[in-house]
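# Coordinates in review
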Amino acid sequence: AQTIHQWPVAEIKAVGSPLSLGCTIKGKSSPNLYWYWQATGGTLQQLFYSITVGQVESVVQLNLSASRPKDDQFILSTEKLLLSHSGFYLCAWSPQGDYAEQFFGPGTRLTVL
Amino acid sequence: AQKVTQTQTSISVMEKTTVTMDCVYETQDSSYFLFWYKQTASGEIVFLIRQDSYKKENATVGHYSLNFQKPKSSIGLIITATQIEDSAVYFCAMRETRNSNNRIFFGDGTQLVVKP
């Protein structure tokens, strides 16, 4: 069975500080991977997606970047956090080459002060 | 333009009753996929059910079923015999087949409260 793990579970960071969030999926080779952002009480907004190692496409830029250093790993980062970056960040996966539904990780809650 | 609209912000029902949540969508694509997800209080997002646009038969999974009305661009979620643990936020979502970035468009969600 596939498992998706996100780290950290929660972060409290200062405005202007750097950020790195991680996502790992086990039990599935060459998945499509996605990053989503959700404001408190809001809908899900897709940020990035990746279909293979080293290849990341931006959907919506919020002064964030993403990388896929390994087949099972997806990283979301920024060098300078803004207050507007606060929210819930979710990693998701779907089978490669499939229009199937996406499956979500447990998420990381980010508070920027 | 792609858009998913859930007009019901919040619904409250008694346990063991049936509830329907509405969703309408906009797309120019002739082939697309519709999904319903559930977000629990902990933030966990769970995939519930899917409807492929080319299928006329309404999808059913457990006590979840869909009311797909293609001419009205509508995909309602029906939950029968509701349980307390069905209390959550329900998101309707759409994905087009010609979508080059595998993007799913989500609605704003409907909060469901199931009372004992």
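For the structure, see preceding data.
What comes next concerns the included structure. The structure displayed is predicted, hence computed values, not measured ones. (Residues numbered from 1 in each chain as written. Chains lettered and ligands numbered in written order. Predicted model: local features only at pLDDT ≥ 70, side-chain atom pairs only at ≥ 80, totals over all residues. Heavy atoms only, no water.)

### A few points about the interface of chain A and chain B
The condition is simple: The contact criterion used is simple: two residues touch if any of their non-hydrogen atoms lie within 4.5 Å. A simple way to read buried area is as the amount of 1.4 Å-probe accessible surface that goes missing from two parts once joined, with both sides added. Throughout this description, the term salt bridge denotes a Lys or Arg side-chain nitrogen within 4 Å of a carboxyl oxygen of Asp or Glu. Pairs of N or O atoms are called polar contacts if they sit within 3.5 Å, as long as, within protein, a hydrogen donor faces a hydrogen acceptor (for residues adjacent in sequence, only side-chain-to-side-chain pairs). Put simply, DSSP marks the helices as runs of H or I at least four residues long and the strands as runs of E at least two long, and each gets a number from the N terminus on. Any residue outside Ala, Val, Leu, Ile, Met, Phe, Trp, Tyr, Cys, Pro, Asp, Glu, Lys and Arg is labelled polar, Gly included; the first ten of those are nonpolar and the last four are charged.
Contacts between chain A and chain B engage 24 residues on the former and 22 residues on the latter. Here chain A and chain B share an interface that buries about 1,800 Å² over both sides, 50% of which is from carbon and sulfur atoms. In this assembly, chain A and chain B are joined by 1 salt bridge. Connecting chain A to chain B are 5 residue pairs in polar contact (both at pLDDT 80 or more). Of all the secondary-structure elements, those providing two or more residues to the side of chain A that touches chain B are β4 (32-38), β5 (44-52), β9 (87-94) and β10 (103-104) of chain A. In terms of residue count, β5(A) provides more of the side of chain A that touches chain B than any other element does, 5 residues in total. Considering only residue class, the side of chain A that touches chain B consists of 13 nonpolar, 8 polar and 3 charged.

### What to know about the side chain of A:Q73
All names here are of chain A. What counts is decided by this rule: Each residue is assigned to one of three classes by its accessible area relative to the maximum for its type, calculated with a 1.4 Å probe on protein chains only: buried under 20%, partly exposed between the two thresholds, exposed over 50%.
By secondary structure assignment, the location of Q73 is in strand β8 (residues 73-78). The class of Q73 is buried, set by a relative accessible area of 17%. Contacts of Q73, omitting those with residues within four sequence positions, involve W7, C23, T24, L33, S67 and R68.

### Focus: the state of the cysteines
Residues and elements named next belong to chain B. How we decide: For this text, the term disulfide refers to a pair of cysteine sulfurs within 2.5 Å.
Throughout the structure, instances matching the rule amount to 2 disulfides over all chains. Disulfide partner of C23: C92, at an S-S distance of 2.0 Å. Disulfide C23-C92: the torsion about the S-S bond is -75°, which places it as left-handed. Separated by 69 residues along the polypeptide, C23 in the loop between β3 (19-21) and β4 (24-26) and C92 in strand β10 (residues 88-96) bring together distant segments of the chain.

### Some details on the pairing of strand β3 (residues 19-26) of chain A
Residues and elements named next belong to chain A. Stated precisely, the cut-off is as follows: Paired strands, as defined in this entry, are two strands with at least two bridges between them according to DSSP.
Within β3, 6 of the 8 residues are buried, which leaves it mostly tucked inside the rest of the structure. Sheet analysis places strand β1 (residues 3-7) next to β3, joined by 5 bridges and oriented antiparallel. What sits directly across from T3, in β3, is K26. In terms of strand pairing, β3 meets β8 through 6 bridges, oriented antiparallel. For S20, the partnering residue across the bridge sits in β8 and is S77.

### What to know about the packing of aromatic side chains
How we decide: Between the rings of Phe, Tyr and Trp (Trp by its six-membered ring), a pair exists once the centres lie within 6.5 Å; its type follows the angle of the planes, with under 30 degrees stacked, over 60 edge-to-face, and the other angles tilted. Both a distance and an angle decide whether a charge sits over a ring: NZ of Lys or CZ of Arg must be within 6 Å of the ring centre and within 35 degrees of the ring normal.
A complete count under the given rule lists 13 aromatic pairs over all chains for this structure. When the centroid spacing of 6.0 Å and the interplanar angle of 80° are considered together, the rings of A:F103 and B:F47 count as edge-to-face. Taken together, the residues A:F103 in strand β10 and B:F47 in strand β6 (residues 45-52) connect one chain to another. Accessibility expressed as a relative area gives 29% for A:F103, which makes it partly exposed. Above the ring of A:F88, the side-chain terminus of A:R109 is found at 4.2 Å from the ring centroid.

### As for unusual backbone geometry
Backbone torsion omega between A:W7 and A:P8 reads -10°, so that peptide bond is classified as cis. For A:P8, the location among the structural elements is in the loop between β1 and β2 (10-13). Even without being glycine, B:S73 reaches a positive phi, approximately 50°. Taking the relative accessible area as the measure of exposure, B:S73 reaches 24% and is therefore partly exposed. Notably, B:A81 is not glycine yet its phi reads approximately 45°, a positive angle. When you line up the elements, B:A81 lands in the loop between β9 (74-79) and β10.

### A few points about the pairing of strand β8 (residues 64-69) of chain B
All names here are of chain B. Note that strand β7 (residues 60-61) and β8 share 2 bridges and pair antiparallel. Within the sheet, the bridge partner assigned to V61 lies in β8 and is Y64. A loop of 2 residues connects β7 with β8, the two strands running antiparallel in sequence, and G62 in this loop sits at a positive phi of about 60°. In this structure, the hairpin formed by β8 and β9 is closed by a connection of 4 residues, where S73 is found at a positive phi of approximately 50°.

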